[in-house]
Amino acid sequence: MIHGENAVETSQILAEVRDRHPGAPWLPRIDGIAASTGITSRRWMVPLETAAAPASGSGLRTPGPVPAREALARDGFTEQNVERVIAALEAIPAPQTVEERTAPAWAAVREYGERAARGALQIAGLDPADVDCLITSNSTTPALPGLDVALANRLPLHSDTLLLPATQWACIAGTRSLALAADLVADDPDRVVLVVISEALSTTYQPADDSLESLIVRLLFADTAVAAVVTGRPRPESVLRLDAAWHHTLPGTQDLHRLETRADGTHFVMDRRGPRAVQDTVTAMWEWLRLRHQDDDRPWHPDLLLAHPGGTRVLEYMEQTMPDSWPAGLLAHSKESYTSGNRGGAAVFDILRRAHDAGQKAGSRTVLYAAAPGLTATAVEGEWL
């Protein structure tokens, strides 16, 4: 786990919002909205000042001062009035362009991803030359070539390593990458798969957006890079055996949560119907687990449930809909992870790391689950080693 090196306090975000949007109708409510997230601090790859900075140009960036002067003169403005208008336009701060927002974040995504990859390989007692397949996910800073090729050159990996970039997995990247890696090593137990997820979700911080949804997005997200090694044969460093995977996509929900690229960068758009739709994937997962264990000799329940459904409301729903016989506190590590921000595709690995650091008994039955824009979900069942 490599967390963003810049601590961004909720109080800093609220101060920036108050200063920029003094007339927003929702301004009197922001303290309560912020408190409801349960997040007091999150870590970003870039400082808040970078995410909230204006562009290097001004409100006259397009079409530029010369064409603007010519157009004003043609419309009959006096020379004095032309200069007044030009001066007023040049005084307006312009929002950052897509390039200005994503360039520093993309550089950080590659650096953090490399650090996470090297750390995971070191823990596993492996070298980059041992990697047969690299699975990467990075949804917030689109680039071509992507994170997979960047890491293949930076580590470096041998030239015949299979590269599998999964740019748009977003919040399910943690579970789905493990499911795919498990399939790959089941086919060839000697195969070594390296998983790397590096997300700069701070790129969705859009200071000029004055919508209530944008305020919530400002408060939620954190930047993280994670990496793990999956092999087909147990090793002394192994912590989790992956036994089965489940995938589910809800038709007609593709517009509920989404990323939109606009002139000033990436915007994360949320729909209030989203949490209720995600609950449908939870119900489907419960049914998958029930059918999978319906013939067990004794009643089955997970000892660990490591879940990233996108928000605390769905975690509450999960607790309410679990079978009564299941033990309490299964989602403790998931809830703890949310207190320092939503990490997107890296979230399940953050939750897994917290469970690991807390110490687990060998044989603990474990379920990892995540849902993502689409709406789509993946769960992986396994056992602690």
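Residues numbered from 1 in each chain as written. Predicted model: local features only at pLDDT ≥ 70, side-chain atom pairs only at ≥ 80, totals over all residues. Heavy atoms only, no water.

Chemist: Where do I start with the packing of aromatic side chains in this structure?
Modeler: Inspection of every chain in the model, using the stated rule, returns five aromatic pairs. Relative to Phe268, the ring of Phe221 has its centre 5.4 Å away and its plane inclined at 90 degrees; by these criteria the two rings are edge-to-face. Taken as a pair, Phe221 in the loop between helix H9 (212-220) and strand S7 (224-231) and Phe268 in strand S10 (residues 265-270) lie far apart in primary sequence, 47 residues in all. Owing to a relative accessible area of 18%, Phe268 belongs among the buried residues under this scheme. Their ring planes at 25 degrees and their centres at 6.1 Å tell us that Trp246 and Trp288 sit as a pair that is stacked. (Phe/Tyr/Trp six-rings, centres within 6.5 Å; stacked < 30°, edge-to-face > 60°. Helix = DSSP H or I, 4+ residues; strand = E, 2+ residues; numbered from the N terminus. Buried < 20%, exposed > 50% of the residue type's maximum accessible area, 1.4 Å probe, protein only.)

Chemist: How should I be thinking about the sheet that holds strand S12 (residues 365-372) in this particular structure?
Modeler: The pairing of strands in a sheet comes from backbone hydrogen bonds and takes either a parallel or an antiparallel form. Overall, mixed pairing links the four strands, which are arranged S8-S13-S12-S11 in an open sheet. Looking at which strands have only one partner, the edges of the open sheet turn out to be strand S8 (240-249) and strand S11 (304-308). When the angles between neighbouring strand axes are averaged without regard to direction, this sheet yields 15 degrees. As paired strands, S8 and strand S13 (residues 376-384) are joined by nine bridges and run antiparallel to one another. Bridged to Thr249 within S13 is Thr376. Contacts between helix H13 (residues 347-358) and the sheet are confined to S8, S11, S12 and S13, with S11 contributing the most and set at about 150 degrees to the helix. (Pairing = 2+ DSSP bridges. Axes fitted to C-alpha atoms, helices over the stretch in contact; angles between N-to-C directions. Contact = heavy atoms within 4.5 Å.)

Chemist: What am I meant to see in the domain arrangement of the chain here?
Modeler: Accessible area lost during the coming together of the parts is what is often quoted as the interface size. Taken as a whole, the chain is organised into domain 1 (2-53 + 95-231) and domain 2 (240-384). Each of domain 1 and domain 2 was reduced to a C-alpha centroid, and the two centroids are 18 Å apart. Carbon and sulfur atoms make up 66% of the area that domain 1 and domain 2 hide from each other, which totals about 3200 Å². At the junction of domain 1 and domain 2, the tally comes to zero salt bridges. Across the domain 1-domain 2 interface, the total number found is 11 residue pairs in polar contact (both at pLDDT 80 or more). (Domains from an automatic or database assignment. Buried area = accessible area lost by both parts, 1.4 Å probe. Salt bridge = Lys/Arg side-chain N within 4 Å of Asp/Glu carboxyl O. Polar contact = N/O pair within 3.5 Å; in protein donor to acceptor, adjacent residues only side chain to side chain.)

Chemist: Can you help me understand the UniProt feature "active site" (unreviewed entry) in the chain in this one?
Modeler: According to UniProt, the "active site" (unreviewed entry) feature falls on Cys171. Position of Cys171 among the secondary structure elements: in the loop between strand S5 (162-165) and helix H8 (173-187). Judged by relative accessible area, which is 14%, Cys171 ranks as buried. Residues in contact with Cys171, not counting those within four places in the same chain, are His308, Gly344, Gly345, Ala370, Ala371 and Ala372. (UniProt positions renumbered as here; feature names shortened; annotations may be inferred.)

Chemist: Where do I start with the nonpolar core in this structure?
Modeler: Nonpolar side chains in soluble globular proteins generally cluster together in the buried interior. Grouped together as the largest cluster of nonpolar side chains are 31 residues, with contacts concentrated most on Ile135, Val193, Val195, Ile197, Leu306 and Phe349. When contributions to this core are tallied by element, the ones reaching two or more residues are strand S4 (133-137), H8, strand S6 (192-199), S7, S11, H13 and S12. Of the residues that make up this core, three or more belong to each of domain 1 (2-53 + 95-231) and domain 2 (240-384). Beyond its immediate stretch of four places on either side in the chain, Val195 contacts Ile135, Ser177, Ala181, Val226, Ala227, Ala228 and Phe349. If you look at the next biggest cluster of nonpolar residues, it comprises 30 residues, including Trp246, Leu256, Leu305 and Tyr338. (Core = buried A, V, L, I, M, F, W, Y, C linked by side-chain atoms within 4.5 Å.)

Chemist: Even after reading the chapter, I still don't get the pairing of strand S2 (residues 6-9), so can you show me in this structure?
Modeler: Note on strand geometry: in a regular strand, side chains alternate between the two faces of the sheet. Only one face of S2 is covered, namely the one carrying Asn6 and Val8; the face carrying Ala7 and Glu9 has none of its residues buried. As defined by bridge partners, S2 adjoins strand S3 (residues 41-44) across four bridges and the pair is classed as antiparallel. Of the residues in S3, the one forming a bridge with Asn6 is Trp44.

Chemist: Can you walk me through the environment of Leu48 in this structure?
Modeler: In this fold, Leu48 is placed in helix H3 (residues 48-52). What makes Leu48 buried here is its relative accessible area of 8%. Spatially, the C-alpha atom of Leu48 lies 39 Å from that of Glu70, the residues being 22 residues apart in sequence. Residue contacts for Leu48: discarding those within four places in its chain leaves Val8, Gln12, Ile13 and Tyr205.

Chemist: Explain the sheet that holds S5 to me, please; I cannot follow it from the model alone.
Modeler: Overall, mixed pairing links the five strands, which are arranged S1-S7-S6-S4-S5 in an open sheet. Of all strands in the sheet, those bounded by a partner on one side alone are strand S1 (2-3) and S5. The sheet contacts of helix H6 (residues 98-124) involve S1, S6 and S7, and relative to S7 the element is tilted by about 35 degrees.

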